[in-house]
Each structure stands twice: as C-alpha cells, then as structure tokens.
Amino acid sequence: RAIRWRVSGPPAPTTFLVSYPKSGRTWLRVLIGRYLSKRYRLPERRILQTEWLTHHAGLPVAAFSHDGSAMKDRRHHRDMDYRRSEYAQRRVLLLTRNLKDTLVSSYFHQTQRDKNFAGELSEYVRSEYYGMPKVLAFYRAWERDHGIPAEFRVVRYEDLHRDPVATLADVLRFLGENDPSMRVVEESVRYGSFDNLRMAEEENRFHDGILSTREGKHPDSYKVRRGKVGGWVDDLSPDDAAYVDSMVAASDLRVVLPAIDG
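In this report, the structure presented in the accompanying data block is examined. (Residues numbered from 1 in each chain as written. Predicted model: local features only at pLDDT ≥ 70, side-chain atom pairs only at ≥ 80, totals over all residues. Heavy atoms only, no water.)

Let's talk about the nonpolar core
Of all hydrophobic cores here, the largest spans 33 residues; its most connected members are M132, Y139 and W142. The set of elements that each furnish at least two residues to this core consists of β1 (15-19), β3 (91-96), α3 (99-113), α4 (121-126), α5 (132-145) and α10 (238-249). Top contributing element to this core by residue count: α5, with 6 residues. Those residues within four positions of W142 in sequence are excluded, and the remaining contacts are V18, D67, R84, Y87, V92, L94, P149, F152 and V256. In this structure, Y35, A62, Y191 and L197 belong to the second largest nonpolar core, which totals 32 residues. (Core = buried A, V, L, I, M, F, W, Y, C linked by side-chain atoms within 4.5 Å. Buried < 20%, exposed > 50% of the residue type's maximum accessible area, 1.4 Å probe, protein only. Helix = DSSP H or I, 4+ residues; strand = E, 2+ residues; numbered from the N terminus. Contact = heavy atoms within 4.5 Å.)

Pasting the structure below:
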C-alpha cells in the first residue's frame, strides 16, 4: 500500500486525517470543508475536497485516509500492508470512535449500501475481513508506529458530539489555522447538523459519491445513518458486545485504545 494523491492539482499532502471506516470522517470532512469555504470564500460545492480547500486557503495540504483499511478492498486483517514510514516528516490526526458503534455502522454500510456482506451482525463482528480482528489490526499498527509522524494526535468522534465547537477549532489549529474564527466555527457546526447532512445526501448537494444516496434507498443505506453516540445498544446482542469488550481488554493499546473506548 502507498499513500496516493492526484498528479495534478494541490501539492502532495503533508497532513493526514486518518480513520478506520465508519469512525465519523464524513462529518468531520464536512465541518472542515464548511469552515474553509466560508472563511476563505471558496465554493461550497468543494466542501468535500479537503486537499483543494486547504491548498487554496493557504494551509498545509491535508488529506483524509483510511490507511489501507477500506472495506471495499475486502482485505483479510493479516493482509493489510502497513508501512508507516511513509508518514515520517508528516503530521497525522487519528479520528477514533467507540468500537461497538464503529462495527454496527460498518455492518449496515456493508449490507445496505455497498452490499459486500450478506451475513448476520454477529457473524460480521467476528469476521476476519470486516470485524474486530481487522479493527484491532488497524489500531495495533498505529500503537506501534504512532511515533513515526512528525506530530501525532488522537481526536474522538465522541468529543465532536460532546463539544463540536471546541473540537473543530482544535482540529483546525492542527491543520494550520492558528487563529480560527469562532463565529465561522459555530456556523460550520450548525451547517453540519444531522438533519442538514441527511438532506445534503438526499439531494446529492455536492455531486460527490462520498455523500450521496439514491432516492428510495433503505434508511440504513445512508452514509449519514443515525449520527448517535452509543447507538450500538439498539443492534448489538449482549454476547456480541461482550466479545468486543473481551477483545479490547486483551489488547495492549495504551496510546490509541483509551482514546477509543475510554
């Protein structure tokens, strides 16, 4: 696996916003994009184009990445190729989310949206291609190599819910926006509300597959599905939750794991 970027357009990214799939990166991408488009008078239709926006805002070029863990690749957890030396001299923000919420959201994405999986949730949680073994492989690699980037920071999806204004302002500072306009930050948080993002997805407002759903699709097929913290309790059985918790407890992830499930 190699970090990839377009040949034309902005220079190669020097900042990466990394996350395991279904950890909330679309929401964060919209929040960042809305802020930069308003603050620097850039086109709203470019909100999801983080590299373009950061470049034209005069900030270090930043890019979002699943870092080789994308579900569309259907990759076994032992086959994920992590060569973190590529992040040397670069800066990395790792976006994390409660693992049970991550798995439930991922399950509905794969069964209702991408249709890469046809089994039950309990089977999905234990899958070596989609479930806990793969999730933990991703985080173990970052636990081992978090010292490679020039700067490494963890941001919780839960913090975005708890205090979106302060968390977004901190993320913007990490991106090089040293003195964020709090007025624009607050407006961006309002813009990034669940209802507005759901409407944007239905309308295909940004003409981008990152945030679009065909009319009449199942509610669980939406990219913006529920936007809840702790929503896993509605779907995950006690046995499945205990399985996830036991896997977490057995993992020695002192840097990244406390930031996930606290």
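Some thoughts on the packing of aromatic side chains
Going through the model one piece at a time under the given rule, you end up with 9 aromatic pairs. A centroid spacing of 5.4 Å and a plane angle of 70° characterise the contact between Y107 and Y124, whose relative ring orientation is edge-to-face. With a gap of 17 residues between them, Y107 in helix α3 and Y124 in helix α4 connect regions that are remote in the sequence. Each member of the pair Y107 and Y124 is classed as buried. Summarising the aromatic geometry, the rings of Y124 and Y130 are spaced 5.4 Å apart at their centres and angled 15° between planes, so their arrangement reads as stacked. Like Y124, the residue Y130 is buried in the burial classification. These aromatic residues form a ring-pair network of at least three members: F16, Y87, W142 and F152. Positioned above the aromatic ring of Y40, the side-chain terminus of R39 is 5.3 Å from the ring centre. Sitting over the ring of W52, R46 keeps its end group 4.1 Å from the ring centre. (Phe/Tyr/Trp six-rings, centres within 6.5 Å; stacked < 30°, edge-to-face > 60°. Lys NZ or Arg CZ within 6 Å of the ring centre and 35° of its normal.)

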